[in-house]
Amino acid sequence: GCDGTSKTLSLNILLSKMQGPLSNSTLLQGLPRVQTFHLQLSERSVAKNVTDLKKTVVGWKSGNTFRSIPCIFMEEMSMAKLGPDGPLRALHDLLDAHQDSQEDSDGISPLQNKSRLRVGTGSNTFAFVATSNYRAG
(Lines give C-alpha, C1' and ligand atoms only; values in the text may rest on other atoms or scores of the structure.)
Protein backbone atom coordinates (compact mmCIF):
# COMPACT_ATOMS: atom_id res chain seq x y z
CA GLY A 1 0.00 0.00 0.00
CA CYS A 2 0.91 3.64 -0.27
CA ASP A 3 2.74 5.56 2.46
CA GLY A 4 0.53 6.60 5.36
CA THR A 5 -2.33 4.14 4.74
CA SER A 6 -2.08 2.58 8.23
CA LYS A 7 -0.96 -0.88 7.10
CA THR A 8 1.00 -1.53 10.29
CA LEU A 9 -1.68 -0.09 12.56
CA SER A 10 -4.39 -2.20 10.91
CA LEU A 11 -2.40 -5.40 11.21
CA ASN A 12 -1.37 -4.67 14.80
CA ILE A 13 -5.01 -4.13 15.77
CA LEU A 14 -6.06 -7.35 14.06
CA LEU A 15 -3.23 -9.42 15.56
CA SER A 16 -3.80 -7.98 19.05
CA LYS A 17 -7.42 -9.17 18.94
CA MET A 18 -6.48 -12.73 17.99
CA GLN A 19 -6.04 -13.99 21.56
CA GLY A 20 -7.83 -17.32 21.23
CA PRO A 21 -9.87 -18.27 24.30
CA LEU A 22 -8.95 -14.94 25.96
CA SER A 23 -10.43 -12.91 23.11
CA ASN A 24 -13.46 -10.67 23.65
CA SER A 25 -15.00 -12.00 20.44
CA THR A 26 -16.80 -15.34 20.59
CA LEU A 27 -15.76 -15.91 16.97
CA LEU A 28 -12.08 -15.51 17.81
CA GLN A 29 -12.31 -17.55 21.02
CA GLY A 30 -12.53 -20.73 18.96
CA LEU A 31 -9.29 -19.97 17.14
CA PRO A 32 -5.74 -20.42 18.45
CA ARG A 33 -3.99 -17.45 20.03
CA VAL A 34 -1.52 -15.65 17.74
CA GLN A 35 1.94 -14.78 19.07
CA THR A 36 3.50 -12.09 16.89
CA PHE A 37 7.20 -11.74 16.07
CA HIS A 38 8.09 -8.44 14.35
CA LEU A 39 10.96 -7.59 12.03
CA GLN A 40 11.37 -4.11 10.59
CA LEU A 41 13.48 -4.34 7.44
CA SER A 42 15.66 -1.45 6.25
CA GLU A 43 18.55 -0.74 3.87
CA ARG A 44 20.86 -2.05 6.59
CA SER A 45 19.04 -5.36 7.13
CA VAL A 46 21.22 -8.44 6.77
CA ALA A 47 20.46 -12.13 6.32
CA LYS A 48 21.31 -12.74 9.99
CA ASN A 49 18.30 -10.63 11.01
CA VAL A 50 15.98 -13.04 9.21
CA THR A 51 17.75 -16.23 10.35
CA ASP A 52 17.80 -14.99 13.97
CA LEU A 53 14.06 -14.34 13.78
CA LYS A 54 13.49 -17.83 12.41
CA LYS A 55 15.53 -19.34 15.28
CA THR A 56 13.52 -17.30 17.79
CA VAL A 57 10.21 -18.52 16.35
CA VAL A 58 11.35 -22.16 16.19
CA GLY A 59 12.62 -21.92 19.79
CA TRP A 60 9.36 -20.37 20.95
CA LYS A 61 7.36 -23.10 19.23
CA SER A 62 9.36 -25.87 20.92
CA GLY A 63 8.65 -24.40 24.36
CA ASN A 64 5.04 -23.43 23.65
CA THR A 65 2.53 -25.63 25.47
CA PHE A 66 -0.50 -23.46 24.73
CA ARG A 67 -2.70 -23.62 21.66
CA SER A 68 -0.92 -20.75 19.91
CA ILE A 69 0.36 -20.01 16.44
CA PRO A 70 3.47 -17.92 15.82
CA CYS A 71 3.05 -15.12 13.27
CA ILE A 72 6.06 -13.49 11.65
CA PHE A 73 5.22 -9.89 10.78
CA MET A 74 7.77 -8.22 8.52
CA GLU A 75 7.50 -4.54 7.72
CA GLU A 76 8.99 -2.88 4.66
CA MET A 77 9.40 -6.15 2.76
CA SER A 78 10.74 -4.30 -0.30
CA MET A 79 13.87 -3.49 1.73
CA ALA A 80 14.86 -7.18 1.72
CA LYS A 81 16.36 -6.79 -1.74
CA LEU A 82 18.38 -3.71 -0.74
CA GLY A 83 20.24 -5.14 2.23
CA PRO A 84 24.04 -5.51 1.96
CA ASP A 85 24.11 -9.16 3.01
CA GLY A 86 21.29 -10.78 1.08
CA PRO A 87 18.33 -10.80 3.48
CA LEU A 88 16.22 -11.81 0.49
CA ARG A 89 18.04 -15.18 0.31
CA ALA A 90 17.41 -15.83 4.00
CA LEU A 91 13.80 -14.90 3.43
CA HIS A 92 13.52 -17.57 0.74
CA ASP A 93 14.85 -20.13 3.24
CA LEU A 94 12.34 -18.97 5.83
CA LEU A 95 9.40 -19.27 3.44
CA ASP A 96 10.57 -22.58 1.95
CA ALA A 97 10.42 -24.05 5.46
CA HIS A 98 6.83 -22.82 5.55
CA GLN A 99 5.84 -25.21 2.74
CA ASP A 100 5.38 -28.94 2.68
CA SER A 101 8.51 -30.61 1.37
CA GLN A 102 7.26 -34.19 1.76
CA GLU A 103 6.25 -36.31 -1.20
CA ASP A 104 2.55 -36.71 -1.76
CA SER A 105 0.97 -40.16 -1.74
CA ASP A 106 1.52 -40.48 -5.50
CA GLY A 107 5.28 -40.11 -5.02
CA ILE A 108 5.58 -36.76 -6.79
CA SER A 109 7.66 -34.28 -4.88
CA PRO A 110 5.83 -30.95 -4.32
CA LEU A 111 8.99 -29.24 -5.54
CA GLN A 112 8.46 -30.91 -8.92
CA ASN A 113 4.77 -30.05 -8.99
CA LYS A 114 4.42 -26.47 -7.72
CA SER A 115 0.62 -26.67 -7.71
CA ARG A 116 0.88 -29.19 -4.88
CA LEU A 117 2.78 -27.01 -2.39
CA ARG A 118 0.68 -26.59 0.72
CA VAL A 119 1.55 -23.48 2.69
CA GLY A 120 1.76 -23.96 6.45
CA THR A 121 2.34 -27.71 6.37
CA GLY A 122 6.15 -27.71 6.29
CA SER A 123 8.54 -28.38 9.13
CA ASN A 124 8.20 -24.82 10.45
CA THR A 125 4.52 -23.99 10.39
CA PHE A 126 3.73 -20.39 11.22
CA ALA A 127 1.71 -17.50 9.90
CA PHE A 128 3.54 -14.95 7.80
CA VAL A 129 2.45 -11.36 7.11
CA ALA A 130 4.46 -8.69 5.31
CA THR A 131 3.86 -5.08 4.41
CA SER A 132 5.55 -2.88 1.87
CA ASN A 133 5.03 0.58 0.48
CA TYR A 134 3.67 0.65 -3.03
CA ARG A 135 5.44 2.91 -5.43
CA ALA A 136 3.77 3.40 -8.77
CA GLY A 137 6.30 2.83 -11.52
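Up top is the structure these notes are about.
A brief structural summary. Predicted, not measured: the structure shown is a model, and the values here were computed from it. Throughout, a residue's number is its position along its own chain's written sequence, starting from 1. For this predicted model, a pLDDT threshold of at least 70 governs which residues receive local features, and a threshold of 80 or more governs which side-chain atom pairs are given and counted, while totals over whole chains, interfaces and linings are taken from all residues. Processing note: side-chain calculations cover all non-hydrogen atoms of the structure and skip hydrogens and water entirely.

### Focus: the overall build of the protein chain
- Check the secondary structure of the protein chain and you find four helices and three strands.
- Shown N-terminal to C-terminal, the secondary structure of the protein chain runs as helices and strands in the order α-α-β-α-β-α-β.
- For the exposure calls, accessible area comes from a 1.4 Å probe over protein chains only, and a residue counts as buried if that area is under 20% of its type's maximum, exposed if over 50%, partly exposed in between. For the protein chain, the proportion of its 137 residues judged to be buried stands at 32%.
- Residues count as neighbours in contact if any of their non-hydrogen atoms are within 4.5 Å of one another. Here the contacts in the protein chain between residues at least 6 apart in sequence split such that 65% fall between residues at least 24 apart.
- Accessible surface computed for the protein chain: about 8,600 Å², of which carbon and sulfur atoms make up 55%. Secondary structure follows DSSP: runs of H or I at least 4 residues long count as helices, runs of E at least 2 residues long count as strands, and numbering of each begins at the N terminus. Reported accessibility uses the Shrake-Rupley method at a 1.4 Å probe radius. Residues are deemed covered only where the shown protein chains occlude them.

### Digging into unusual backbone geometry
- In this model, S6 sits at a positive phi of 65°, which is unusual for a non-glycine residue.
- Position of S6 among the secondary structure elements: in the segment before α1 (7-17).
- In this structure, E76 is a non-glycine residue whose phi angle is positive, near 60°.
- Inspection of the secondary structure assignment puts E76 in the loop between β2 (68-75) and α4 (87-96).

### Details of α1
- Taken together, the buried positions of α1 are K7, L11 and L15. Axial view of α1: buried residues confined to an arc of 50°, hence all on one face.
- Looking at the buried side of α1, the elements it contacts are β1 (33-40), β2 and β3 (127-130). Note that the arc is defined by the directions from the helix axis to the C-beta atoms.

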